[in-house]
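Each chain, written out:
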Amino acid sequence: MRITVETSVAAPIDQVWRAYTTPADIVKWNAASDDWHTTRATVDLRDGGVFSSRMEAKDGSMGFDFAGTYTKIVEHKRIEYAFGDRKAEVEFVPGPNGVVVRVVFDAETTHSVEQQQGGWQAILDNFARYVEAKKV
């Protein structure tokens, strides 16, 4: 099963792309709720390059690594990656009011579809707020 989440970001494509792919930015927006944060991120943004981020509860009670390999990069347009036996695609679609960022990913079986969609949507909404608040 595939799940889709998307948001609209009122910012130029170069700013949106940079914030999505730069570790210093990723650690500032990559969380689904205020009680979680990303403590580190790495990005090797090229076909075959790897990425990882460490997400942790702020109280230190739990954490996990999210990592994978980029399978296709089209600058300012598309990022495809594999993580474990799952895949995801991120589309960047510029428009008159900014950029629509759409993520389509393979569901996993541990959590409900609603939980997965809600968590990924919350992260994407946090991304949009971060980019719109950031002054270039």
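Everything quoted here is computed from the prediction, not taken from an experiment. Once a new chain begins, its residue numbering starts again from 1 and follows that chain's sequence as written. Residue-level local features of this predicted model are given only where pLDDT is at least 70; pairs of side-chain atoms are given and counted only at 80 or more, and the full residue set underlies all totals for whole chains, interfaces and linings. As a convention, hydrogens and water are excluded, and side-chain values are obtained from all of the structure's heavy atoms.

Residues given the UniProt feature "domain: Activator of Hsp90 ATPase homologue 1/2-like C-terminal" (unreviewed entry) here are residues 10-132. Taken end to end, residues 10-132 comprises 29% helix and 43% strand; its first and last C-alpha atoms sit 6 Å apart. UniProt positions are given in the numbering used here, feature names are shortened, and annotations may be inferred rather than shown by experiment. Segments assigned H or I by DSSP are reported as helices when at least four residues long, segments assigned E as strands when at least two residues long, and all are numbered from the N terminus.

Moving on: the nonpolar core. Working definition of a nonpolar core: buried Ala, Val, Leu, Ile, Met, Phe, Trp, Tyr and Cys residues. They are joined through side-chain atoms within 4.5 Å. Exposure is judged per residue with a 1.4 Å probe applied to protein chains only, and the accessible area is read against the type maximum: over 50% gives exposed, under 20% gives buried, and values in between give partly exposed. Within the largest apolar cluster, 30 residues are counted, with the highest numbers of intra-cluster contacts made by Val16, Tyr20, Phe92, Val101 and Phe127. For this core, the secondary-structure elements that each account for two or more residues are strand S1 (2-9), helix H1 (13-21), helix H2 (23-29), strand S3 (50-57), strand S5 (78-83), strand S6 (86-95), strand S7 (98-106) and helix H3 (113-133). Sort the elements by how many residues they give to this core and H3 lands first, with six residues.

Assignment of secondary structure puts Val93 in strand S6. For the pair formed by Val93 and Ile13, sequence separation is 80 residues and the distance between their alpha carbons is 8.3 Å. When near neighbours in sequence (up to four residues on either side) are disregarded, Val93 contacts Gly98, Val99, Val100 and Arg102. Contacts between residues were defined by any pair of non-hydrogen atoms, one from each residue, lying within 4.5 Å.

Here an angle of 0 to 180 degrees is reported between the N-to-C directions of two axes, which are lines fitted to C-alpha atoms, with helices fitted over the stretch in contact. Interaxial distance between H1 and H3 falls to 10 Å at its minimum, and their mutual angle equals 125°. Between H1 and H3, the interaxial angle falls into the category oblique. The hand of the H1/H3 crossing is right-handed. In this structure, H1 uses Gln15, Val16, Ala19 and Tyr20 to contact H3, whose residues at the interface are Leu124, Phe127, Tyr130 and Val131. Roughly parallel refers to an angle under 35 degrees, roughly antiparallel to one over 145, roughly perpendicular to one between 65 and 115, and oblique to any angle outside these ranges. For a crossing to be left-handed, the near helix must be turned anticlockwise from the far one by less than a right angle; the clockwise case is right-handed.

The next point concerns the sheet that holds S3. Whenever strands of a sheet pair, they do so through backbone hydrogen bonds, lying parallel or antiparallel. We call two strands paired when DSSP finds no fewer than two bridges between them. Across the sheet, seven strands lie side by side as S1-S7-S6-S5-S4-S3-S2; this open sheet has antiparallel pairing. Single-partner strands in this sheet number two, and they are S1 and strand S2 (36-43). Direction aside, neighbouring strands of the sheet carry axes that sit 20° apart on average. Pairing of S3 with strand S4 (residues 63-74) involves seven bridges; the strand directions are antiparallel. Bridged to Ser53 within S4 is Phe66. Its contacts with the sheet put H1 on S1, S2, S4, S5, S6 and S7, and the angle it makes with S6 is roughly 155°. Against the sheet, H3 touches S1, S3, S4, S5, S6 and S7, its axis set at about 20° to S1.

In the sheet, S2 pairs with S3 via seven bridges, with the strands oriented antiparallel. Paired with Thr38 across the strands is Met55, a residue of S3. Between S2 and S3, which follow one another and run antiparallel, lie six residues, and Gly48 among them has a positive phi close to 90°. Between S3 and S4, which pair antiparallel one after the other, the connecting turn spans five residues, and Gly60 there sits at a positive phi close to 80°.

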